[in-house]
Amino acid sequence: MKRGYLVDEKHVFLSASFAVLIVLLFVTLYYKPSLTVYAIEIQSTPGEIGGCQVLDTSGTYVLNQSISNYVGTCFNITANDVVLNGNGYSLSGNSDDFVGDYGIYANGRTNITIENFANISGFGDVSCGGDCNGSGIYFESTSNSELLNITTNFNSIFGVYLSSSNNNTLSNITSNNNTNHGVYLQSSNNNHLSDVVAN
């Protein structure tokens, strides 16, 4: 007589499911594969632009609209041989919200052209009484460059500020009602100014 075995199929199914659950839990807690994260560097693209950005590629950028109430430095130029054409539009910051921001900033650059801005205004905290940084345009150690056909009114400290910047051309500049000076050159030599109206 053959011996028979009684198999509880429901019990076997539950036991198998429990075993699978234990394996999954072990993998989740103890198996940690190494991950490699690759950073993707996005460079600026010359051509038409509609917003503030870092200009880190040589070429010509043409603004296609006015920019209002921007907080921070709008255009930070980190490449040489850049033309930024305002195309007759205006650029304004949030004049009471951020200290030490600039409409356009370039440090250690050469052959930069900024041109055709209807007005660059409201950069820096204009309520700080001239004791904090902020300017419409700030060139720091930037040489052999041009500022052409630009208005920079109502900024904190300076409308246009050149520091340790030589051999630049400023032409057809209007810079009024800034907290400190309209156009201010510090430790800067051999710069050529024409048709500049500032107070």
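Residues numbered from 1 in each chain as written. Predicted model: local features only at pLDDT ≥ 70, side-chain atom pairs only at ≥ 80, totals over all residues. Heavy atoms only, no water.

### Some points on the overall build of the chain
Moving on, step 1. The helix and strand tally for the chain stands at 1 helix and 16 strands.
Moving on, step 2. Sequence-distant contacts, at least 24 apart, represent 55% of the contacts inside the chain between residues at least 6 apart.
Moving on, step 3. Of the roughly 11,500 Å² of accessible surface on the chain, a fraction of 51% belongs to carbon and sulfur atoms. (Helix = DSSP H or I, 4+ residues; strand = E, 2+ residues; numbered from the N terminus. Contact = heavy atoms within 4.5 Å. Areas by Shrake-Rupley, 256 points an atom, 1.4 Å probe, with all protein chains shown as cover.)

### Quick notes on the confidence of the model for the chain
Moving on, step 1. The predicted model of the chain averages 84 in pLDDT, with 74% of residues at 70 or higher.
Moving on, step 2. Below pLDDT 50 for its whole length, residues 34-40 participates in 0 contacts with residues either more than four positions away or in separate chains. (pLDDT = per-residue confidence, 0-100.)

### What about the sheet that holds strand S11 (residues 135-140)?
Moving on, step 1. Spatially, the 6 strands line up as an open sheet ordered S2-S5-S8-S11-S13-S15, and their pairing is parallel. Two strands in the sheet have a free side with no partner beyond their single neighbour: strand S2 (53-55) and strand S15 (181-186). In this sheet, neighbouring strand axes are inclined to one another by 10° on average, regardless of whether the strands run parallel or antiparallel.
Moving on, step 2. Strand direction decides the pairing type here: strand S13 (residues 158-163) and S15, joined by 5 bridges, are parallel. The residue of S15 that forms the bridge with phenylalanine 158 is histidine 181. (Pairing = 2+ DSSP bridges. Axes fitted to C-alpha atoms, helices over the stretch in contact; angles between N-to-C directions.)

### Considering the pairing of strand S6 (residues 82-85)
Two faces, one strand: in a regular strand the side chains alternate between the faces of the sheet.
Moving on, step 1. Of the strand pairs in this sheet, strand S3 (residues 59-63) and S6 are connected by 4 bridges, and their pairing is parallel. By the bridge assignment for S6, valine 62 is matched with asparagine 85.
Moving on, step 2. Here S6 pairs with strand S9 (residues 112-117) via 4 bridges, running parallel. Looking at S9, one finds that leucine 84 is bridged to isoleucine 114.

### Some remarks on the side chain of serine 175
Moving on, step 1. As for its position among the elements, serine 175 is in strand S14 (residues 169-175).
Moving on, step 2. Looking at serine 175, its side chain comes within polar contact range of the side chain of threonine 152, at 2.8 Å.
Moving on, step 3. Each residue touching serine 175, except ones within four places of it in the same chain, is listed here: Thr152, Asn153, Gly159, Val160, Gly182, Val183, Val197, Ala198 and Asn199. (Polar contact = N/O pair within 3.5 Å; in protein donor to acceptor, adjacent residues only side chain to side chain.)

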